[in-house]
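# Descriptive structure summary
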Amino acid sequence: MKYLFCYLIALVLGATAVAEEKKGEKNSMNSSNEVAVIKTSEGDMVVQFWTDAAPKTIENFKKLARQGFYNGTNFHRIVKGFMIQGGDPNSKDPAKENSYGQGGPGYKIKAEFNDHPHERGVISMAREPDPDSAGSQFFICLAPIHRLDHRYTTFGKLIKGDDVLEKIGDTPVTKNSMGEMSKPTKRVVIESVKIVPAESVK
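Note that the structure is predicted; figures quoted are calculated from it, not measured. (Residues numbered from 1 in each chain as written. Predicted model: local features only at pLDDT ≥ 70, side-chain atom pairs only at ≥ 80, totals over all residues. Heavy atoms only, no water.)

## Points about the overall build of the protein
Here is the rule we go by: Labels follow the DSSP assignment, with helices taken as runs of H or I lasting at least four residues and strands as runs of E lasting at least two, numbered in each case from the N terminus. For every residue, the accessible area obtained with a 1.4 Å probe (protein chains only) is divided by the maximum for its type, and the residue is called buried under 20%, exposed over 50%, and partly exposed between those limits. A contact between two residues is defined here by any heavy atoms of the two lying within 4.5 Å. For the area figures, the Shrake-Rupley method with a 1.4 Å probe applies, and any residue is considered shielded solely by the protein chains shown.
Looking only at helices and strands, the protein has three helices and 11 strands in total. Going from the N terminus to the C terminus, the protein shows its helices and strands as α-β-β-α-β-β-β-β-β-β-α-β-β-β. Counting over 202 residues, the protein shows a buried share of 42%. In the protein, the share of contacts with a sequence separation of at least 24, taken over all contacts with a separation of at least 6, comes to 69%. Within the structure as shown, the protein displays about 11,000 Å² of accessible surface, and the carbon and sulfur contribution to it stands at 56%.

Here it is as structure tokens:
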């Protein structure tokens, strides 16, 4: 009877371990099947993540999105035929306009250069000259920019909202404080970034 009892306990423990393992697999699967819905003042864009290419970058982006970090920021830099850039917390405050492009989450993440090229609709991390200096700022390509391949961390692409990308990319711009023609003449606000299951986006 004692051995039967031990055997039954072993069976229960084994079944629990399998259930936990499957639960872990399911969570992992769900995580890799998530997309980002970037809701802007010009419409919504949906980003599919490349989990095979930049897992830590994606993890950081999702974490910031879930914290509401991006809510109220704006696309502060728009370069025609090149890209739109956002994710700077300074851009929430119009009074901090001279420091747009300098803000971040207070830490840096390591680069995850990969073989996904910078094509139109691809999202990639903005950074300083140091390769491992990205934080929260990102850009979405308006055209192929292959000179950035293997130098900036691509981590996903638009699967919905190319018309919105086009509209934002066509926003009139003027010179910024550095003399670059990239300062939008109106605020293009990122109202929210939501991480949701891919199947919930039609």
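Next, the rest of the story.
## Examining the environment of P131
Examined against the element boundaries, P131 turns out to sit in the loop between β6 (122–125) and β7 (138–141). In contact with P131, not counting residues within four places along its chain, are A111 and F113.

## Brief notes about the pattern of salt bridges
Short version of the rule: Salt bridge, as applied in this entry: a Lys or Arg side-chain nitrogen positioned within 4 Å of an Asp or Glu carboxyl oxygen.
Considering all chains together, one arrives at 12 salt bridges under this definition. With its nearest N and O atoms 2.7 Å apart, the salt bridge here joins E97 to K183. Placement of the pair is E97 in the loop between β5 (83–86) and β6 and K183 in strand β10 (residues 181–184), with a sequence separation of 86 residues. Exposure remark for K183: the relative accessible area of 29% places this residue in the partly exposed category.

## Notes on helix α3 (residues 162–169)
At 3.6 residues per turn, the α-helix brings residues three or four places apart onto the same side. The cut-off we apply is this: The arc in question is traced by the directions running from the helix axis to the C-beta atoms.
Considered for burial, the residues of α3 that qualify are V164, L165, I168 and G169. The buried residues of α3 occupy an angular sector of 135° when projected down its axis, which confines them to one face. Those residues of α3 that are buried are in contact with β1 (34–40), β2 (43–49), β4 (77–79), β5, β7 and β8 (154–160).

So yeah, pure geometry; function would need other evidence.
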